[in-house]
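Observations on the model geometry
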Amino acid sequence: HTYDTKYKKIVISLLGELYDIEHEDVYAKHMDIINCLEKNLDENSKTSFVEIGSGSGLLAFLLVKRLGFQKVDLIDLPVMVPICFFWLSSLVGESSISLPGEEPSQNTVYSLWNAGNVNLQNHSHDLAINVTSFQEMNHTLVKKYFVLIKKCLKPDGFFMCVNRWKKATDFWLYPFSLF
């Protein structure tokens, strides 16, 4: 109901002909995340973010459009990177996206990274986000990503972790103490 009354028209306007009624549950989840971030992010903290497990890039696209982020680093498995590239290309054009191994241009908004081959600058991101992909990793790999997040987040950065309480890994065992 909340999606239908508050967000559906917004998402339709952003996705245009790519809007798919079959994915409204995904759109609703993403808009709920964006609503939470709108309430919790400082207005000056919306320059860059990193998303671990970016999938198609839909959440990243919506975050750029709704919150005004300018630079995005998207990390996912090599099998997902082409899907993300093609989907984002259909929305924003290829010139806004750099593929793994490419040097980002002045026009690059979305930089795609293969998991395990990521080189982010220290204290370079206002936001780090993970939505339902840590739960599919073992705890050792989750810890490595937490270390990466701690490294790349600005001192006043925001980390949003949205995962199930228990799946392959247990949410309560994530190394939040690093922060």
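The paragraphs below set out a description of the structure included in this document. Just so you know, these numbers come straight off a predicted model, no measurement behind them. (Residues numbered from 1 in each chain as written. Predicted model: local features only at pLDDT ≥ 70, side-chain atom pairs only at ≥ 80, totals over all residues. Heavy atoms only, no water.)

1. Quick look at helix α1 (residues 2–15)
Between the first and last C-alpha of α1 there are 19 Å, a value that for 14 residues agrees with the 20 Å anticipated at 1.5 Å per step. For α1, the principal kink sits at lysine 8 and spans about 50°. All of the buried residues along α1 are Tyr3, Tyr7, Val11 and Leu15. At its buried positions, α1 is contacted by α2 (24–40), α3 (58–67) and α4 (81–92). Taken from the residues just after α1, glycine 16 is the one with a positive phi, measuring 55°. (Helix = DSSP H or I, 4+ residues; strand = E, 2+ residues; numbered from the N terminus. Expected span 1.5 Å × (residues − 1). Bend = angle between axes of the 7 residues up to and from the residue. Buried < 20%, exposed > 50% of the residue type's maximum accessible area, 1.4 Å probe, protein only. Contact = heavy atoms within 4.5 Å.)

2. A short note on unusual backbone geometry
Non-glycine residue histidine 123 carries a positive phi angle of around 50°. Note on placement: histidine 123 falls in the loop between β4 (110–114) and β5 (125–131). On the accessibility criterion, histidine 123 (47% relative accessible area) is partly exposed.

3. Some details on the packing of α1 against α3
Contact geometry for α1 and α3: axes closest at 11 Å, N-to-C directions at 100°. Judged by the inter-axis angle, α1 sits roughly perpendicular to α3. Facing α1, whose interface residues are Ile10, Leu14 and Leu15, α3 presents Leu58, Phe61, Leu62, Lys65 and Arg66. Its residues assigned to classes, the contact of α1 with α3 shows six nonpolar, no polar and two charged. (Axes fitted to C-alpha atoms, helices over the stretch in contact; angles between N-to-C directions. Parallel < 35°, antiparallel > 145°, perpendicular 65-115°, else oblique. Nonpolar A, V, L, I, M, F, W, Y, C, P; charged D, E, K, R; others polar.)

4. So, α3
Counting buried positions along α3 gives eight out of 10 residues, so the element sits mostly inside the fold. Buried within α3 are the following residues: Leu58, Leu59, Ala60, Phe61, Leu62, Leu63, Val64 and Leu67. Looking one or two residues beyond α3, the residue adopting positive phi is glycine 68, at roughly 85°.

5. Let's talk about the nonpolar core
The biggest cluster of nonpolar side chains holds 34 residues, and the ones touching the most others in it are Leu37, Phe49, Leu63, Phe69, Leu74, Tyr110 and Ile129. Counting only elements with at least two residues in this core, the list comes to α1, α2, α3, β2 (71–76), α4, β4 and β5. Among the elements that line this core, the one with the most residues is α3, at eight residues. With residues near it in sequence (within four places) discarded, tyrosine 110 still touches Ala60, Phe61, Val64, Val72, Leu74, Leu88, Val92, Ser96, Ile97 and Ser98. Within the second largest apolar cluster, 17 residues are counted, among which are Phe134, Met137, Tyr145 and Leu148. (Core = buried A, V, L, I, M, F, W, Y, C linked by side-chain atoms within 4.5 Å.)

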